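# Fold and geometry: a report
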Amino acid sequence: MPDTVTTFAPGRVEILGNHTDYNLGFVLSAAIHLGVTVRSNRLSKNILEISSQTNQRSVTIRLDELQPCVDEAWANYPIGVIKVLLEAGFQLGGMDIRISSDLPLGAGLSSSAALEVATALAAKVLFNLDIEMMQLAQLCQKAENEFVGVQSGLLDQASSVFGRVHRLILLDFLAIKVETVSLPTNVSLLLLNSGVPHELTGGEYNERRKQCLLAAKSLGVASLRDVTPALVKSADLDDVIRRRALHITEENERVVQGVDALRSGNLALFGALMFASHESSRTNFENSTAHLDTLVELAKRTPGVFGSRLTGGGFGGSTVSLIDSAQADEIIRTISREYRSIVGATCYPILTTPSEGARVLA
Ligand code: ADP
Ligand code: MG
């Protein structure tokens with residue numbers, strides 16, 4: 001077993017399939033080039049020494065006393081990961097966890113999952129844990145759900161784990177299966193942060209989850225994966241609940257259609273599905289904001305943009321656009337200028353391409 005390891009886990013962007021992960025549906029996502037790096041050594045004492053260059057904070061905690069930190073909430077992500085690994089029966093000892101990152105926090109790119117996955121991968125390597133990568137992703141999700149207390153779906157961790165260069169990740173959250181689909185090398189992903197932070201620890205995300213559960217229950221199925229948009233339309237549901245269920249079921253169909261579009265090289269169709277996804281977020285799921293709507297509208301009228309939509313939980317955060325790489329500079333200039341003149345705020349661009357998932361650096 002090595003004494004020391006450096007791991008990297010990327011952020012992720014959801015390309016199609018919004019809020020479908022916890023509804024046991026389909027998502028197309030990509031890992032991006034930015035992420036969290038963890039440098040870690042095995043320690044002789046049974047403690048975790050956790051520090052982050054990003055926030056200049058550090059925490060030391062005994063392995064037999066892993067409790068959530070109230071004052072250092074950021075440390076609960078790595079602590080939670082170690083705790084769930086131990087609870088799952090994996091044998092590990094003391095380690096230091098030195099965190100650095102080039103991923104913006106709270107921007108909807110899932111720095112939390114990147115931190116969890118980089119931590120788990122470091123533990124796997126240092127203590128030679130016999131753990132499959134999907135299980136690793138699931139345990140990281142469990143840490144976020146149960147230890148940190150954020151009810152996020154498996155999308156974030158699975159995307160950080162299974163990213164591939166120039167391929168989108170197709171995740172099936174019912175079968176818990178993953179495959180990848182090729183994206184042409186002449187297109188890029190443009191992420192535009194609306195400048196309004198998302199607030200997933202707020203009530204909106206959990207409220208949407210409850211509404212989706214209620215929709216499934218009212219329809220007499222285990223999850224919204226089991227119903228079609230046609231069935232939702234014909235059912236006797238409360239108007240809000242029906243629109244939530246329509247969003248999820250139509251998103252599942254869009255992911256399936258999107259994969260076909262990519263396989264037949266039809267980027268125009270793929271882009272149209274992205275615009276349709278955003279429209280459904282705006283009207284049916286009501287997880288968009290005026291700022292995100294403006295970014296998507298601007299993208300729609302900018303040459304070289306195939307499609308654009310909000311990405312992630314919504315209620316702020318970023319949009320993702322599929323664009324012609326050769327026109328990227330002009331597209332960023334145009335949209336940024338017009339966004340500033342319309343809303344008086346700055347949008348922050350990240351230009352990326354689908355990248356490799358979590359890995360050992362050294
Ligand atoms: P997102 O996952 O979209 O970036 P979250 O609110 O889910 O937003 O997770 C962000 C939180 O994750 C931060 O507030 C912090 O607690 C933790 N975190 C992520 N990256 C780091 C880092 N490099 N150093 C310390 N904490 C981090
Ligand atoms: Mg997160």
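Each chain has its residues counted from 1, following the order in which its sequence is written. Lettering for chains starts from A, numbering for ligands starts from 1, and both go in the order in which the items are written. Two thresholds apply to this predicted model, a pLDDT of at least 70 for residue-level local features and 80 or more for giving and counting side-chain atom pairs, whereas whole-chain, interface and lining totals are computed over all residues. Only heavy atoms go into the side-chain values, all of them from the structure, while hydrogens and water stay out.

## A few points about the overall build of the chain
Across its full length, the chain holds 10 helices and 12 strands. Between the two quantities, the radius of gyration covers C-alpha atoms and the globule rule is 2.2 Å times the number of residues to the power 0.38. In terms of overall size, the chain behaves like a compact globule, its C-alpha atoms giving a radius of gyration of 20 Å where 362 residues would be expected to give roughly 21 Å. Summarising its shape, the C-alpha atoms of the chain cover approximately 60 × 50 × 40 Å along the three principal directions. Working definition: with a 1.4 Å probe on protein chains only, accessible area under 20% of the residue-type maximum means buried, over 50% means exposed, and in between means partly exposed. A burial count over the chain gives 59% of its 362 residues as buried. Roughly 14,700 Å² of accessible area belongs to the chain as shown, and the carbon and sulfur atoms make up 49% of that amount. Helix and strand assignments come from DSSP, with helices taken as H or I runs of at least 4 residues and strands as E runs of at least 2, each series counted from the N terminus. Under the convention used here, a 1.4 Å probe and the Shrake-Rupley method define accessible areas, while residue burial counts only the protein chains that appear.

## Description of the sheet that holds strand β10 (residues 318–324)
Sheet strands line up and pair through hydrogen bonds in the backbone, either parallel or antiparallel. Strand order in the open sheet formed by four strands is β9-β10-β8-β11, and the pairing between neighbours is antiparallel. If you trace the sheet from one side to the other, it starts and ends with β9 (305–311) and β11 (348–352), each paired once. Taken over all neighbouring pairs, the strand axes of this sheet differ in orientation by 20° on average, direction set aside. Two strands are said to pair when DSSP picks up at least two bridges between them. Across seven bridges, strand β8 (residues 187–193) lies against β10 in antiparallel orientation. By the bridge assignment, Asn 193 is partnered in β10 with Ser 318. Against the sheet, helix α8 (residues 267–285) contacts β8, β9 and β10, and its axis sits at roughly 30° relative to β9. In this description, a line fitted to the C-alpha atoms serves as the axis of each element, helices being fitted only across the stretch in contact, and the angle between N-to-C directions of two axes falls anywhere from 0 to 180 degrees. Any pair of residues with heavy atoms lying within 4.5 Å of one another is described as a contacting pair.

## Notes on the pattern of salt bridges
Counted as salt bridges are all cases of a side-chain nitrogen of Lys or Arg within 4 Å of a carboxyl oxygen of Asp or Glu. Using the criterion set out here, one finds 22 salt bridges in the structure. Across the pair Glu 251 and Arg 254 runs a salt bridge whose closest N-O atoms are separated by 2.6 Å. Placement of both Glu 251 and Arg 254 in helix α7 (residues 239–263) is noted, with a separation of three residues, approximately one turn of the helix. Judged by its relative accessible area of 9%, Arg 254 is buried.

## Observations concerning the site of ligand 1
Here, proximity means that at least one heavy atom of the residue falls within 4 Å of the molecule or strand. As a structural note, the neighbourhood of ligand 1 is formed by 16 residues, with Ser 52, Thr 54, Gly 106, Ser 111 and Ser 112 the closest of them. The term polar contact refers here to a pair of N or O atoms within 3.5 Å; inside protein, the definition further demands a hydrogen-donor-capable atom paired with an acceptor-capable atom, and it admits residues adjacent in sequence only when both atoms are side-chain atoms. A distance of 2.8 Å separates a nitrogen atom of ligand 1 from a polar atom in the side chain of Thr 54. Within the side chain of Ser 112, a nitrogen or oxygen atom sits 3.0 Å from an oxygen atom of ligand 1. The pocket occupied by ligand 1, as judged from atoms lying within 2 Å of grid points, is the largest pocket. Using a grid of 1 Å spacing that covers the protein atoms alone, one calls a set of points a cavity when a 1.4 Å probe fits there but cannot get out, and a pocket when the set is open and has protein on both sides within 12 Å along at least five of seven lines; lining residues are those with an atom within 4 Å of a point. Pocket occupancy is defined atom-wise: a molecule lies in a cavity or pocket when more than half of its atoms are within 2 Å of its grid points.

## Remarks on the pairing of β8
Most of β8 sits inside the fold, with seven of its seven residues counted as buried. Every second residue of β8 is oriented toward a common face, with Val 187, Leu 189, Leu 191 and Asn 193 on one face and Ser 188, Leu 190 and Leu 192 on the other, all of them buried. Judged from the five bridges that link them, β8 and β11 form a sheet pairing that is antiparallel. Each residue of the ladder has a partner; that of Leu 191, found in β11, is Ile 350.

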